[in-house]
Every structure is written in C-alpha cells, then in structure tokens.
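Here's the letter readout for the chains.
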Amino acid sequence: MVKIRNFVRLIIIFIRHQYYTKVFGMDIANNVRISLKAILDKTYPKGIHIGENSYIAAGANILSHDFTRNIHTDTYIGKNTFIGINTIVLPGIKIGDSVIVGSGSVVTKDIPSNCIAAGNPAKILREGISTKKYGQLA
C-alpha cells in the first residue's frame, strides 16, 4: 500500500511540475521536489527559478511580486537547497547552492551558498556546509 501511495504521489508531483513549467512558465529543474502544500507565486510566474535537487517543504511561500511596491522581479533558489516548512521567500531574493533555510523563516536578504539560515528575518547561522540531494547535510 505504501509503494502505491508513493507512486501516486510521484505522478502528482510530475503533473504539477509540468503545470508550473509549461502553463505558467516557471524555471524549475526536473528533479525538484515541491510539497503539494507549498505556494509558488502565480502573479509573476516567470520570476520563479529553482535549481536542481532542491526541496520546497509544505507551507513555504516563494514570491516573485510585491503588490504594495508594484514590483515584479526574479527570485532564485539554488541547487541542492532545502526550504523549510512555512518559510517565506520575498521577491527578488537569491538563495545560493547548498543552502538550508530553517522552518518558519522569512528570507528578506540574499543568502550565499553553503550555509544554514533561519529566523525572522533569516540570518546566517552556519557557513561552510555541504549538502546532498534535496538539501540534506552531507
């Protein structure tokens, strides 16, 4: 039963990926995992860029526009990056490769590669880390 559930989940994830990339024009690598409860900004969908082997957890919000300032800009998430549960990534942010963003964080500034960041606003807690597929610590 578990194998069937996982198989169905992977099919749904594949269809959702096609929907994001083909219908909305988002730049999302083929092997990215996006939780079914994550929210990607559809107001300016071409501004969403997610690198290979990254994982976006449930409740995460990836924004590419700000209505109050009338901004439509690109938001980048690097390779092998993990975005934790209920994280908010504001528009125009660049998150580097091999980054872990802690749950509940609000990312208001760019985060360089190879680090862990968390908090509101997100601050770098540790640098020089290495991650594997989907942002797991190596």
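Procedures and definitions
Residues numbered from 1 in each chain as written. Predicted model: local features only at pLDDT ≥ 70, side-chain atom pairs only at ≥ 80, totals over all residues. Heavy atoms only, no water. Pairing = 2+ DSSP bridges. Helix = DSSP H or I, 4+ residues; strand = E, 2+ residues; numbered from the N terminus. 1 Å grid on protein atoms, 1.4 Å probe; cavity = no way out; pocket = protein on both sides within 12 Å on 5 of 7 lines; lining within 4 Å. Points joined across faces, edges and corners; volume = space filled by probe spheres on them. Patch = residues over 30% accessible without salt bridge, like charges linked within 9 Å, V, L, I, M, F, W, Y side chains within 5 Å. Areas by Shrake-Rupley, 256 points an atom, 1.4 Å probe, with all protein chains shown as cover. Salt bridge = Lys/Arg side-chain N within 4 Å of Asp/Glu carboxyl O. Buried < 20%, exposed > 50% of the residue type's maximum accessible area, 1.4 Å probe, protein only. Core = buried A, V, L, I, M, F, W, Y, C linked by side-chain atoms within 4.5 Å. Contact = heavy atoms within 4.5 Å.

Trainee: How would you sum up the pairing of strand β15 (residues 115–118)? Please name residues and give values.
Mentor: Two strands pair when backbone bridges link them, and strand β13 (residues 99–101) and β15 are joined in this way by three bridges, in the parallel orientation. Considered in β15, the bridge of Ile 100 is made with Ile 116. With four bridges joining them, β15 and strand β16 (residues 123–127) adopt antiparallel strand pairing. Paired with Ala 118 across the strands is Lys 123, a residue of β16.

Trainee: Account for the sheet that holds strand β12 (residues 94–95), naming residues and giving values.
Mentor: Overall, parallel pairing links the four strands, which are arranged β1-β4-β9-β12 in an open sheet. Each end of this open sheet is capped by a strand with a single partner; those strands are β1 (27–28) and β12. Where β1 lies against strand β4 (residues 48–50), two bridges are found, and the strand directions are parallel. Bridge pairing in β4 places Ile 28 opposite Ile 50.

Trainee: Residues and numbers for the sheet that holds strand β14 (residues 106–107), please.
Mentor: Read across the sheet, four strands follow the order β3-β6-β11-β14 without closing on themselves; strand pairing throughout is parallel. The open sheet is flanked by β3 (39–40) and β14, the only strands paired with a single partner. Pairing analysis gives two bridges linking strand β11 (residues 88–89) to β14, with the strands arranged parallel. Each bridged residue has a counterpart across the sheet, and for Val 89 the counterpart in β14 is Val 107.

Trainee: Lay out empty space enclosed by the protein in plain terms, naming residues and giving numbers.
Mentor: Under the defined criterion, the tally for this structure stands at one cavity of 30 Å³ or more. Considering only enclosed or pocket space, the largest cavity measures out at about 50 Å³ in volume. Taken together, Ile 13, Arg 16, His 17, Tyr 20, Val 32 and Ile 34 make up the lining of the largest cavity.

Trainee: Can you tell me about a nonpolar patch on the surface, naming the residues and giving the values?
Mentor: On the surface, a cluster of nonpolar side chains totalling about 960 Å² of accessible area is made up of Met 1, Ile 4, Phe 7, Val 8, Ile 11, Ile 12, Phe 14, Ile 15 and Leu 36. Residue classification places Phe 14 among the exposed residues on the basis of a relative accessible area of 51%.

Trainee: Hey, could you go over the pattern of salt bridges for me, with residue numbers and the actual values?
Mentor: One pass over the structure, following the stated rule, counts one salt bridge. Residues Asp 66 and Arg 69 are paired through a salt bridge, measuring 2.7 Å at the closest nitrogen-oxygen approach.

Trainee: Before we move on, could you go through unusual backbone geometry and cite the residues and values that matter?
Mentor: Going from Asn 120 to Pro 121, the amide bond is cis rather than trans, its omega being 0°. Phi angles above zero are rare outside glycine, and Asn 86 is one such case at about 60°. Within the fold, Asn 86 resides in the loop between β10 (82–83) and β11. Since its relative accessible area comes to 47%, Asn 86 is described here as partly exposed. At Asn 114, a position not held by glycine, the phi torsion is positive, near 60°. In this fold, Asn 114 is placed in the loop between β14 and β15.

Trainee: Any chance you could break down the nonpolar core for me, citing the residues and the numbers?
Mentor: Counting residues in hydrophobic clusters, the biggest one holds 25 residues, and the most contacted among them are Ile 34, Ile 50, Ile 56, Ile 83 and Ile 95. Among the secondary structure elements, those contributing two or more residues to this core are β4, β13 and β15. When sequence neighbours within four positions are dropped, the list of residues in contact with Ile 95 reads Tyr 76, Ile 77, Gly 78, Thr 81, Ile 83, Val 89, Val 101, Val 107 and Ile 111.

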